[in-house]
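Architecture at a glance
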Amino acid sequence: MERRVAIIGAGLSGLLACKYILEKGFHPIVFEAEDDIGGLWRHTIASTKLQSNKESWEFADFPWPSSVTDENPNNEQVFDYLNSYAKHFGIIPCIKFNSKVLDIDYVGDSDEEILSWDLWGGAGTPFGSKGKWHLTIQDTNTLSTQVHEVEFVVLCLGKYSGIPKIPEFPEGHGPEVFKGKVLHSMDYSNLDNKAAAELIKGKRVTIIGSQKSAIDIAVECANTNGAKYPCTLVQRTTHWFLPHLFVWGISIGYFYSNRFAELLIHKPQESFLHSLVATLLSPLRWSFSKVVESYLKWALPMKKFGLIPKQSFHQDISSCEIAMLPDKYYDKLEEGSILVKPSQGFRFVEEGVLVNGDSAPIESDIVIFATGYKGEEKLKGIFKSPIYQKYINDQPAPTIPLYRQIIPPKIPQLAVIGYAETLSNLYANEIRSKWLAHFLDGNIKLPSIKNMGDEIQAWRDYMTLYSGKYYWKTCIFTCAIWYNDQLCKDMGLNHKRKKGFFAELFQPYGPADYVTLRP
């Protein structure tokens, strides 16, 4: 059987998947709808920087150039870094640009046959069945279409782009009654820096959202307009944001990114001993959270502006809801160029936005929804078959069902990279791409479909336990080492990456620990 592999998307995860699949002797073809690589990093606002420091966001075998001295490189530096990586490892010739994948369709094995399988693909191997994938590709320049046939598909679509999430409103209460301009943060990010600055200059801007993109755009508006035209942030929920990665002079990695920290939490499919230790040490987990919270309350004027979250820091970090503050954010609050308005609901009126409980609207010229994306819907929409759409987005669960956060048990000859989050997604996706390349080369055999489903449910139970009501995406940060251990064991590699007992237990884990990870 031929072993043709298609990768959809040339963002970060697509580049990583292509690089490691190339190393195994395959000749993957990457379909990218735009005219360049980079995905999300092609469409960021001017002030966007890395959330983590560059040491935590670095390719295992391709370090940052010495010319980049910033601890948190900006969007242009990141984009240049991705381009250099793609050119260095010969990824660019594999990419077909301006090639939008309209849908993918699996043909060869009937739905009845697939349902009867005990093993994924019938044999638990990547090329074990007679089926093939048909990809309908549209040339975005000519709008002509053609069908490509491959044996394996890797979806690297990215979850923070494509389909914006916009609140729904009763008739007469939505954007249609507003006399100003309404757009989503995706539309704003797609503008070049000059056009974005012109759009907001001298305008009263209201931003709807509580996450990183909302506060980044708010700071950009404040830098442009100052207190004369203050930007208003309408927030339903306040989250914990970090000014840097140190707490009382100690790297936060010592609290949350080492093996000792992971002993304090229950993990998916853990042993009885692990469960007992996590239960006995739970007070220490609570104290770690309180130490971080006490520092942030001391270092930042959170109380003054009513920005102390109701949920714990541990709940936010377990949900991947924390983020880095943009430069001088609280300075902008102090000078009045950013106003924060807490609200559980709002509606549009002619003059702007009226939040629940207020009698007067927030007068606005522009309203920007920084309300996220429907990443699961984008992934679902790529499948032509309604049955596969159901398999990849098995409602009411809020996350994509993936074994090892890579393989959908009910869909053969297909993998997904990039939908599980940590606080440094580069090296997390890099390890997954190594695992996938090893699997495609025939060196990993999957367990039964039932056992794969059991693992998926165990991860969902873990996220429900620690994320609570903020469980709406796959966040594996607080047991990322545990997760990486499973991938290393699958590949037959030593999962303990430190030298010495105490280093293994207490030193934070990061990309440098997996530099020599070679199957």
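As shown above, the structure is provided for reference.
Residues numbered from 1 in each chain as written. Predicted model: local features only at pLDDT ≥ 70, side-chain atom pairs only at ≥ 80, totals over all residues. Heavy atoms only, no water.

Residues lying three or four places apart along an α-helix face the same way, a consequence of the helix completing one turn every 3.6 residues. With 18 residues, helix α10 (residues 282-299) should cover 26 Å at 1.5 Å per step; its first-to-last C-alpha distance of 26 Å lies within 8% of that length. Within α10 the residues assigned to the buried category are Arg285, Phe288, Ser289, Val292, Glu293, Tyr295 and Leu296. All buried residues of α10 fall inside an arc of 160° around its axis, so they share one side. Exposed side chains of α10 directed beyond 90 degrees from the buried face belong to Pro283, Trp286 and Trp298. (Helix = DSSP H or I, 4+ residues; strand = E, 2+ residues; numbered from the N terminus. Expected span 1.5 Å × (residues − 1). Buried < 20%, exposed > 50% of the residue type's maximum accessible area, 1.4 Å probe, protein only. Arc of directions from axis to C-beta.)

Any two side chains of opposite charge can pair if their charged atoms end up close together. Applying the stated criterion to the full structure yields 24 salt bridges. For Arg204, the salt bridge goes to Glu363, with nearest N and O atoms at 3.1 Å. With Arg204 in the loop between α5 (193-200) and β9 (205-208) and Glu363 in strand β18 (residues 362-363), this residue pair connects regions lying 159 residues apart in the sequence. Accessibility expressed as a relative area gives 48% for Glu363, which makes it partly exposed. It is possible to trace a salt-bridge network through shared partners that takes in Arg4, Glu149 and Glu151. (Salt bridge = Lys/Arg side-chain N within 4 Å of Asp/Glu carboxyl O.)

Moving on: the packing of aromatic side chains. Evaluated as defined, the whole model comprises 43 aromatic pairs. Members of the aromatic cluster, each reached through a chain of ring pairs, are Trp41, Trp57, Phe59, Phe62, Trp64, Tyr81, Tyr85 and Phe89. Positioned above the aromatic ring of Phe89, the side-chain terminus of Lys19 is 4.5 Å from the ring centre. Above the face of the Tyr509 ring, Lys498 is positioned so that its terminal group lies 5.1 Å from the ring centre. (Phe/Tyr/Trp six-rings, centres within 6.5 Å; stacked < 30°, edge-to-face > 60°. Lys NZ or Arg CZ within 6 Å of the ring centre and 35° of its normal.)

Turning next to the side chain of Gln138. You can see Gln138 is positioned in strand β5 (residues 132-139). Contacts of Gln138, omitting those with residues within four sequence positions, involve Asn98, Ser99, Lys100, Leu102, Leu143, Ser144 and Thr145. (Contact = heavy atoms within 4.5 Å.)

Counting residues in hydrophobic clusters, the biggest one holds 96 residues, and the most contacted among them are Ile104, Trp133, Leu155, Trp435 and Leu436. Top contributing element to this core by residue count: helix α15 (residues 425-440), with 8 residues. Among all residues touching Ile104, those that are not within four sequence positions of it are Ile8, Trp133, His134, Leu135, Val153, Leu155, Ile382, Phe383, Lys384 and Leu414. Judged by nonpolar contacts, the second largest core, of 50 residues, contains Leu183, Leu300, Ile368 and Cys475. (Core = buried A, V, L, I, M, F, W, Y, C linked by side-chain atoms within 4.5 Å.)

Now for the state of the cysteines. Per the stated rule, a full pass over the model turns up 1 disulfide. One disulfide in the model links Cys320 with Cys475; its S-S distance is 2.1 Å. Of note, the bridge from Cys320 to Cys475 carries an S-S torsion of about 75° and is right-handed in sense. Of the two residues, Cys320 sits in the loop between α11 (313-318) and β14 (323-324) while Cys475 sits in strand β22 (residues 474-475), which places them 155 residues apart along the sequence. Here Cys320 matches Cys475 in class, with each residue buried. Unpaired in this structure, Cys221 has its nearest cysteine sulfur neighbour in Cys231, at a distance of 4.4 Å. Residue Cys221 is classed as buried on the basis of its relative accessible area of 1%. (Disulfide = S-S within 2.5 Å.)

Despite not being glycine, Trp248 has its phi angle at roughly 50°, a positive value. Structurally, Trp248 can be placed in the loop between β12 (246-247) and β13 (250-251). Looking at Trp248, the relative accessible area reads 42%, which means it is partly exposed. At Cys320, a position not held by glycine, the phi torsion is positive, near 55°.

Interpretation in functional terms is not warranted from these geometric data alone.
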